[in-house]
Amino acid sequence: MTALIKLENVTKHYGTFQALSKINLDVKEGEVVCVIGPSGSGKSTLIRCINLLEEYDLSGKIIVDQILVQKGKNLKNVRAQVGMVFQSFNLFPHLTILKNVMLAPIKAKGLSAQVAEKIAVDLLNKVGILEQAEKYPAQLSGGQQQRVAIARALAMEPKALLFDEPTSALDPEMVGEVLDVIKNLATTGVTMIVVTHEMGFAKQVADRVIFMDAGQIVEQGSPIEIFNTPKEVRTQNFLKAVLNH
Amino acid sequence: MNKSSLVVFKVILLCFIWPFISLAQNTESPIIVGANIGNVPWEFQDTTGKFVGFEIDLVNEIGLLLDRKIEIINIPFNGLFAAVQSGRVDIAISSIGITEKRLESMSFTQPYYDSDQSLTTVKGNGIESLNDLRNQIIAVDTGSTGDIWATENKQKYSFAEIRRYEGLAPAMLDVVIGRVKGYISDIPALLYYTKDKPNLVVVERIPTGGRYSLMMGKNKPLVSQANKAITSLKLAGVINDLHAKWFGALAEDTTSTVRVVPMPATDEGLILDFVDTFLNTDVFMQTYPMLIAGLVVTIQLGFIAIIAGLIFGLLFALSKLYGHKAIQVAAKAYIDIFRSIPLLVLLIIIFYALPFVGLSFSPFNAAAVALTLVSGAYTAEIFRAGIEAVPQGQFEASEALGLSYKNTMVEIILPQAIKIVIPPLTNNCINVIKDTALASVVAMPDLLKQATQAQAVAANPTPLIAAAVIYLMFLLPLVLWVSRLEVKFRRGSR
Ligand SMILES: Nc1ncnc2c1ncn2[C@@H]1O[C@H](COP(=O)(O)OP(=O)(O)O)[C@@H](O)[C@H]1O
Ligand SMILES: [Mg+2]
């Protein structure tokens, strides 16, 4: 089976600062990959390159569903295939919850309002926010907003989802409800790359865990390999630090 | 407008104006003389900047006789009436003709110069007399004797339009440009002005029997004092000497420059108090249609400039934020330049200078272009600030969903930016509407222009006060609305 998302030799510079260094990564369809690593190690940069929120250096290549990720008319096809959920939710504050979810299917996919609404209602039901459909984002708790953001990403029926620390901005009591939604998603066969600090969650849902440091993939493997028998010293130190914390 | 609302209108205005009226009289103080400096050869500045001219000399002679100091202040012609009536100046000079209308509300000394109107044009442009002005546009000074004559004779000579300027210089500039075919104004000034300009020519004397005199507040003690002084000066031949000095020859013996003549009788029937002067119902009713016509022009101009400015502003803001490098630089240059240049300067350049490079605008179009350019620059900065105030995450979320640039802007960014920019945009609209008043300098009949003309013709400042109230009536609600919005958004949803 070919990879749905393929990174070949991806490097990224911010000016002279190298944020990613020669990353190679294949993510198969249906695979759940969790990315862990210290702050500043390039995790966000990595997943933001996949839907070209950041441009990567010309020396590398990212391919999503056979399409080369680059500026131009194919980019919207890539973005339609790849949903993203942000740490800070980024819901549209001037639209109701329902409209937040309906917007992209209508504007980017050209669906009719009725069809889009049906999709949105289904998804809001699935993430447990249907009763709040007519409210505005500011009226919802952080956990609820993040669940809406997940529904919004799913409304485009993407083949893959990128999560950038989806629970880091949440009060501790709301982390569970969001992780539960993501765990459920993991069982539906959608491809996911999740940047997270929730080691327990990673252990539970990941098919593969990637440890990053200083813009490089230091080590990768199954959750058991990474969490129980890490080979690299840097991985060991990182895990020691976060697990004793 | 009915009677009772007029009473309310007057009472409100009284409160506004009262503090500005000076009631004090002091014979020891200098005599303040208001003059429309630039009105050759009556009162103008010589190369050293000193005020000189026939009438300047005359009031100085009168000051010597009365043993009082003379202080000259520069006031545009159509501001002289209100200046005299409010007591800001004691005497107004500026080749002001005695008219029945003016005698209703002001007093004049005996005249010292007999004048007529004249038609001035560019040599060889085919205009040889008033009869050649059928369907042509003519120029006058706002509220002057020439304006009054042209307005009365518009039908008779079938003038296409009377354009009202703020003085000789801009009017003659437009005659030279060719946008107007002739200028109707006092003959002595034009003979003096054209004598060293071979391309300009006074082609017709228009006998109106004007007689110039000193204009003063009604029945002030100074009127008879100054009149006596003029009598003495005539008898001593001083005024005729001034004539020789300024016009190169002595006046004829039959003219009022030489002969002592009676002081024109001020209309005694009317003792004008404050209300009759500033809140005169009859004048208001007479000039009301003119003011409404002016208001319509002001609103049309404001509306066009605001809408076009919004479109311009949005385009320039987007260009500055997201355009290619060269476009960004151009947009920034436009925004910076048009926010720095004073609107009045821009108006004058567009109206009076561009014709020399082949771009000639009508007064309305010139004003609309100038206002739009400036409003567009301010609006661009407002939009840019509004767009930049939308968090980066909103752009990213929209892009990540696969929305196009246009959809991102229209569906996500602009709706949020609008909320941020509505208060400053409304402020800008208020400024644009207020700035339409500057279009008076390009002979555009906006509300202010109509009001100044009306007050000069009626010799009463009521129309100006009424114009102020009209401006207030439609700007004040906007101002209050902005304040409310600002409070609301500060409490705001985010
Ligand atoms: N827009 C940017 N400009 C310059 N440097 C950046 C930018 N974004 C991220 N970086 C730098 O790149 C490195 C990786 O950042 P990031 O991918 O956000 O790390 P992580 O998500 O692992 O915490 C950090 O050192 C960060 O300071
Ligand atoms: Mg990060």
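What counts, and at which threshold
- Residue positions are counted from 1 within each chain, in the order its sequence is given.
- Each chain takes a letter, starting from A, and each ligand takes a number, starting from 1, following the order in which they are written.
- Owing to the predicted nature of the model, reporting of local features is limited to residues with pLDDT of at least 70; listing and counting of side-chain atom pairs is limited to 80 or more, with chain, interface and lining totals taken over all residues.
- Side-chain measures were taken over the full set of non-hydrogen atoms in the model, leaving aside hydrogen atoms and water.
- Each helix is a run of H or I in the DSSP string that is no shorter than four residues. Each strand is a run of E no shorter than two, and both are numbered from the N terminus.
- Computation of the radius of gyration draws on C-alpha atoms alone. For the globule rule, the value is 2.2 Å times the number of residues to the power 0.38.
- Buried means the residue's accessible area, taken with a 1.4 Å probe over protein chains only, is under 20% of the maximum for its type, while exposed means over 50%, and partly exposed covers the values in between.
- Should any heavy atoms of two residues lie within 4.5 Å, those residues are considered in contact.
- For the area figures, the Shrake-Rupley method with a 1.4 Å probe applies, and any residue is considered shielded solely by the protein chains shown.
- When charges are counted, Lys and Arg are positive and Asp and Glu negative, with His and the chain ends excluded.
- Where a charge lies is defined by one atom per residue type: Lys uses NZ, Arg uses CZ, Asp uses CG and Glu uses CD.
- Multiplying one less than the number of residues by 1.5 Å gives the expected span of a helix.
- The near set for a molecule or strand comprises every residue that places at least one heavy atom within 4 Å of it.
- What qualifies as a polar contact is a pair of N or O atoms within 3.5 Å, subject to a donor-acceptor requirement within protein and to the restriction that residues adjacent in sequence count only when both atoms come from side chains.
- As a working definition, buried area equals the accessible area (1.4 Å probe) given up by two parts on being put together, with both sides summed.
- Just to be clear on terms, a salt bridge is a Lys or Arg side-chain nitrogen sitting within 4 Å of an Asp or Glu carboxyl oxygen.
- Side-chain classes are defined by residue name, with Ala, Val, Leu, Ile, Met, Phe, Trp, Tyr, Cys and Pro counting as nonpolar, Asp, Glu, Lys and Arg as charged, and the others, Gly among them, as polar.
- Pairing between strands is defined by DSSP: at least two bridges between the two strands are required.
- An axis is simply a line fitted to the C-alpha atoms; with a helix, the fit covers only the stretch in contact. Between two such axes, the angle follows the N-to-C directions and lies from 0 to 180 degrees.

## A word on the overall build of chain A
Regarding its fold elements, chain A presents 9 helices and 10 strands. Taken over the C-alpha trace, chain A has a radius of gyration of 18 Å; the compact-globule value for 245 residues is 18 Å, and the two agree within 12%. Dimensions of chain A, computed from the C-alpha atoms along their principal axes, are close to 55 × 45 × 35 Å. Of all 245 residues assigned to chain A, the portion counted as buried reaches 54%. Contacts spanning at least 24 positions in sequence make up 65% of the contacts within chain A whose residues lie at least 6 apart. Surface summary for chain A: the accessible area is close to 11,000 Å², and the carbon and sulfur share equals 49%. Both charge centroids of chain A, one from 26 positive and one from 25 negative side chains, sit 5 Å from each other.

## With respect to helix α6 (residues 172–186) of chain A
Over its 15 residues, α6 of chain A runs 22 Å from end to end, which matches the ideal 21 Å to within 8%, given 1.5 Å per residue. The inward-facing, buried residues of α6 of chain A abut β3 (32–36), α5 (142–154), β7 (160–164), β8 (191–195) and α7 (199–205) of chain A.

## Focus on the site of ligand 1
Residue and element names in this part refer to chain A. Around ligand 1, the surrounding shell consists of Tyr14, Phe17, Ala19, Pro38, Ser39, Gly40, Ser41, Gly42, Lys43, Ser44 and Thr45. Between ligand 1 and tyrosine 14, the relevant distance is 3.3 Å, taken from a nitrogen atom to a side-chain nitrogen or oxygen of the residue. For ligand 1, an oxygen atom lies 2.7 Å from a polar atom in the backbone of glycine 40. Taken by itself ligand 1 offers 560 Å² of open surface, and the protein chains cover 59% of this.

## With respect to the interface of chain B and chain A
By convention, interface size is frequently given as the accessible area that disappears when the constituent parts associate. Each side of the interface is counted separately: chain B has 17 residues, and chain A has 21 residues. Both faces considered, chain B and chain A share a buried interface measuring about 1,600 Å² in area, 63% of it formed by carbon and sulfur atoms. Counting every contact that joins chain B to chain A gives 3 salt bridges. Here lysine 107 of chain A and glutamate 411 of chain B are joined by a salt bridge, their closest N and O atoms 3.2 Å apart. Looking at the side of chain B that touches chain A, the elements with two or more residues in it are α16 (392–400) and α17 (405–435) of chain B. The element best represented in the side of chain B that touches chain A is α16 of chain B, accounting for 7 residues. Here the residues of the side of chain B that touches chain A are counted per class, giving 6 nonpolar, 7 polar and 4 charged.

## Focus: the sheet that holds strand β11 (residues 200–212) of chain B
Residue and element names in this part refer to chain B. Taken in spatial order, the 5 strands make up an open sheet running β9-β8-β10-β7-β11, and their pairing is mixed. Only two strands of the sheet have a single neighbouring strand rather than two, namely β9 (161–165) and β11. Each strand of the sheet is rotated relative to its neighbour by a mean of 25°, with strand direction disregarded. Pairing of strand β7 (residues 113–122) with strand β10 (residues 182–186), which is carried by 4 bridges, proceeds in the antiparallel orientation. Residue threonine 120 lies in a different strand from β10, and its bridge partner there is tyrosine 183.

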